[in-house]
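# Coordinates in review
Take a look at the letters that make up each chain.
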Amino acid sequence: MRLPLLLILAIFLLAACGQSEPPAKGEAGPPGPAGSPGPAGPPGPAGPPGLAGPPGPATFSGPNGPAIKVFARPCDQPTCGASCEENEQILNAYALNPGGAISFIDERNATFRPQKRPAVLVLVCVGK
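Calculation notes
- Residues numbered from 1 in each chain as written.
- Predicted model: local features only at pLDDT ≥ 70, side-chain atom pairs only at ≥ 80, totals over all residues.
- Heavy atoms only, no water.
- Helix = DSSP H or I, 4+ residues; strand = E, 2+ residues; numbered from the N terminus.
- Buried < 20%, exposed > 50% of the residue type's maximum accessible area, 1.4 Å probe, protein only.
- Contact = heavy atoms within 4.5 Å.
- Areas by Shrake-Rupley, 256 points an atom, 1.4 Å probe, with all protein chains shown as cover.
- Pairing = 2+ DSSP bridges.
- Axes fitted to C-alpha atoms, helices over the stretch in contact; angles between N-to-C directions.
- Disulfide = S-S within 2.5 Å.
- pLDDT = per-residue confidence, 0-100.

## Side note on the overall build of the chain
Along the backbone of the chain there are one helix and six strands. Starting at the N terminus and ending at the C terminus, the chain contains elements arranged as α-β-β-β-β-β-β. When the 128 residues of the chain are sorted by exposure, 16% land in the buried category. Restricting the contact set of the chain to residue pairs at least 6 apart, pairs at least 24 apart contribute 60%. Here the chain has roughly 10,600 Å² of accessible surface; of this, 61% comes from carbon and sulfur atoms.

Here's what the structure looks like:
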């Protein structure tokens, strides 16, 4: 029972595989109404510069959260160290150009051994 149904389906699919030619392109229509918009004009002159904003804070704190400090320490020694303040702890530490090994001594202190020198250790501290 399935074989005749599959055979009929295959015939319909093969019959639909003919190549058709794309339709011929017609002539252009009449121009639009007289009130239609034309091409865009040239850009206008630049406006005056805005006022300078205030300097950003050294720490980031939300209305309900502790302050977060981010600082970068250049490192051109075989081993470098960085520490958070007494009332802070390390949230994250990572190395830039080209990286290296970071060891966390405790919740406030980290050491860094760069792969190549000079490198940069970035330390992110958050208030306790």
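Now that the structure has been shown, the text picks up again.
## Structural notes on the sheet that holds strand S1 (residues 68–75)
Strands sit in the order S1-S6-S3 across an open sheet of three strands; the sheet is antiparallel. Only two strands of the sheet have a single neighbouring strand rather than two, namely S1 and strand S3 (88–96). For this sheet the average axis-to-axis angle between neighbouring strands, irrespective of direction, equals 20°. Of the pairings in the sheet, the one linking S3 to strand S6 (residues 119–127) comprises eight bridges and is antiparallel in character. By the bridge assignment, Gln89 is partnered in S6 with Val126.

## Considerations on the state of the cysteines
Scanning all chains against the criterion turns up two disulfides. With its sulfur 1.9 Å from that of its partner, Cys75 forms a disulfide with Cys80. Torsion about the S-S bond of the Cys75 and Cys80 cystine: about 85°, corresponding to right-handed handedness. Residue classification places Cys75 among the buried residues on the basis of a relative accessible area of 1%.

## Concerning the confidence of the model for the chain
Of all residues in the chain, 72% have pLDDT values of 70 or greater, and the mean over the chain is 80. Per-element confidence in the chain ranges from a low mean pLDDT of 65 for helix H1 (residues 2–15) to a high of 94 for strand S5 (residues 109–114).

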